[in-house]
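What follows is each chain in one-letter form.
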Amino acid sequence: MFKNQIKHVAVIGTGVIGISWATFYLKKGLRVNATDPAKDAEQRLRDGIFRHDPQLSQEGLRFEHRLEDAVRGVQFVQENGPERIDIKQALFRDLDRFTPPEVLLVSSSSGIVPTIFQAKAVHQGRILLGHPFNPPHLIPLVEVCGGEKTADNAISQIIEFYRSLGKKPVHLRKEIKGHIANRLQAALWQEAFSLVENGVASVEDIDTAIAEGPGLRWALLGPFLNLHLSGGDGGIKYFLEHLGTPLESWMRDLGKVLISPELIKLLTAGVNDLMANKSLPDLILKRDEMLTRLKELKHNNEEPG
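Nothing here was measured: the structure is a model prediction, and the numbers come from that model.

**Q** Break down the overall build of the protein chain for me, citing the residues and quoting the values.
**A** Scanning the protein chain for helices and strands turns up 14 helices and 8 strands. A globule of 305 residues ought to have a C-alpha radius of gyration of about 19 Å, and the protein chain, at 21 Å, matches this closely. Taken over the C-alpha atoms alone, the protein chain extends approximately 55 × 45 × 40 Å along its principal axes. Per-residue burial for the protein chain yields a buried fraction of 39% across its 305 residues. Of the contacts made within the protein chain by residues no fewer than 6 positions apart, 67% connect residues no fewer than 24 positions apart.

Written out as structure tokens, the structure is:
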């Protein structure tokens, strides 16, 4: 099967996402070629992998300075370059030139749709989106979407590949800016920013309201099943029939914001207050440890099949 043919992958771009992807693929026993034009990229990559997993062997990792060398002999490419259309299009044009047509070329783009970044390539049928949720070495979600020229079997193959590694891929049937999860986050951030801007609540209070409230439920079930449980025996139908009108009024009342210099200053000050007695590396470590434990708990309680 296709998933068993992929033993050697390329990670293009080794920023935060690329480092995490490289960690993930190494942990799954794959060989990884990586490349990034930054001068200190290899050392940052190796240091980053070590921070994610000090026990993880890096024997299967090879860093190349040239793109064509990084993709030589691989069966799969995960691109993690800057979120700029011109760079994405140039990268996929070159990746298409340097790899055989059967190699899938997949972008981690957080917002650009595949039809745009595949536009300059010749073999567009094997180019598509595989957008992870940060950090990819811990969070299972991957959003898969094809462009106008993407072949159907490329979509089925990448979904099979990700699933074989323990990922939880979701398939976007239509291209849309920002995909699924980032659009849902954007809706929440819009209201969170508005509440701070209008003096309704502090940054700390809003973070507490989510982390100690609905965020706990969201870690277990998605928005629709949570809503279904809120309806009691009648489920989501009962909830919407009886509470849909006030819910709709809240939706119509959500705030609109502009990310202005003033708003950036206000939000930054609030986050700085939250971080006053915390260090960023310690916070990341604590988050990753708790994510690992939560994943294990969820996995151990999943229904068979």
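Read on for the rest.
**Q** Explain unusual backbone geometry to me, using residue names and the numbers behind them.
**A** Cis geometry is adopted by the peptide bond preceding proline 135, which originates at asparagine 134 and carries an omega value of 0°. One non-glycine residue, histidine 179, lies in positive phi territory at about 65°. Residue placement: histidine 179 occurs in the loop between strand E8 (168-171) and helix H8 (181-197).

**Q** I'd like a description of the sheet that holds strand E7 (residues 141-146), backed by residues and values.
**A** What the 8 strands build is an open sheet, ordered E3-E2-E1-E4-E5-E6-E7-E8; its pairing is mixed. Edge strands, defined here as strands with exactly one partner in the open sheet, are strand E3 (61-63) and E8. Taken pair by pair, the neighbouring strands of this sheet meet at an average axis angle of 25°, ignoring direction. Of the strands in this sheet, strand E2 (31-35) and E3 are in contact with helix H3 (residues 41-52), which crosses E3 at around 160°.

**Q** Before we move on, can you summarise the packing of aromatic side chains with the specific residues and values?
**A** Applying the stated rule across the entire model yields 10 aromatic pairs. When the centroid spacing of 5.5 Å and the interplanar angle of 65° are considered together, the rings of phenylalanine 24 and tyrosine 25 count as edge-to-face. The residues phenylalanine 24 and tyrosine 25 share a single accessibility class, namely buried. Relative to phenylalanine 76, the ring of tyrosine 25 lies with its centre 6.3 Å away and its plane at 70°, an arrangement referred to as edge-to-face. Placement of tyrosine 25 in helix H2 (residues 16-27) and of phenylalanine 76 in strand E4 (residues 76-79) is noted, with a sequence separation of 51 residues between them. For the pair shown, tyrosine 25 and phenylalanine 76 are each scored as buried.

**Q** Mind laying out the pairing of E7, listing which residues take part and the relevant values?
**A** When a strand is regular, its side chains alternate between the sheet's two faces. The buried count for E7 comes to 5 of 6 residues, which makes it a mostly enclosed element. Inspection of the sheet shows strand E6 (residues 127-132) paired to E7 by 5 bridges, in the antiparallel sense. Its bridge partner lying in E7, histidine 131 is registered against glutamate 143. Handedness of the crossover joining E7 and E8 through helix H7 (residues 152-164): right-handed.

**Q** Hey, could you go over the environment of serine 279 for me, with residue numbers and the actual values?
**A** Relative to the elements of secondary structure, serine 279 occurs in the loop between helix H13 (261-274) and helix H14 (280-300). Classification of serine 279 as partly exposed rests on a relative accessible area of 29%. Side-chain polar atoms of serine 279 contact the side chain of aspartate 282, separated by 2.9 Å.

**Q** Lay out the pairing of E8 in plain terms, naming residues and giving numbers.
**A** With 4 bridges joining them, E7 and E8 adopt parallel strand pairing. The residue of E8 that forms the bridge with glutamate 143 is valine 170.

**Q** Can you lay out H3 for me, pointing to particular residues and giving the numbers?
**A** Here H3 is 12 residues long and its end C-alpha atoms lie 16 Å apart, about the 16 Å a rise of 1.5 Å per residue gives. Of all the positions in H3, only Ala41, Leu45, Gly48 and Ile49 are classed as buried. Angular distribution of buried residues about the axis of H3 spans 100°; they occupy a single face of the element. Elements that come into contact with the buried residues of H3 comprise H2, E2 and E3.

The rules we used
- Residues numbered from 1 in each chain as written.
- Predicted model: local features only at pLDDT ≥ 70, side-chain atom pairs only at ≥ 80, totals over all residues.
- Heavy atoms only, no water.
- Helix = DSSP H or I, 4+ residues; strand = E, 2+ residues; numbered from the N terminus.
- Rg over C-alpha atoms; globule rule 2.2 N^0.38 Å.
- Buried < 20%, exposed > 50% of the residue type's maximum accessible area, 1.4 Å probe, protein only.
- Contact = heavy atoms within 4.5 Å.
- Pairing = 2+ DSSP bridges.
- Axes fitted to C-alpha atoms, helices over the stretch in contact; angles between N-to-C directions.
- Phe/Tyr/Trp six-rings, centres within 6.5 Å; stacked < 30°, edge-to-face > 60°.
- Right-handed = clockwise from strand over helix to strand, strands pointing away.
- Polar contact = N/O pair within 3.5 Å; in protein donor to acceptor, adjacent residues only side chain to side chain.
- Expected span 1.5 Å × (residues − 1).
- Arc of directions from axis to C-beta.

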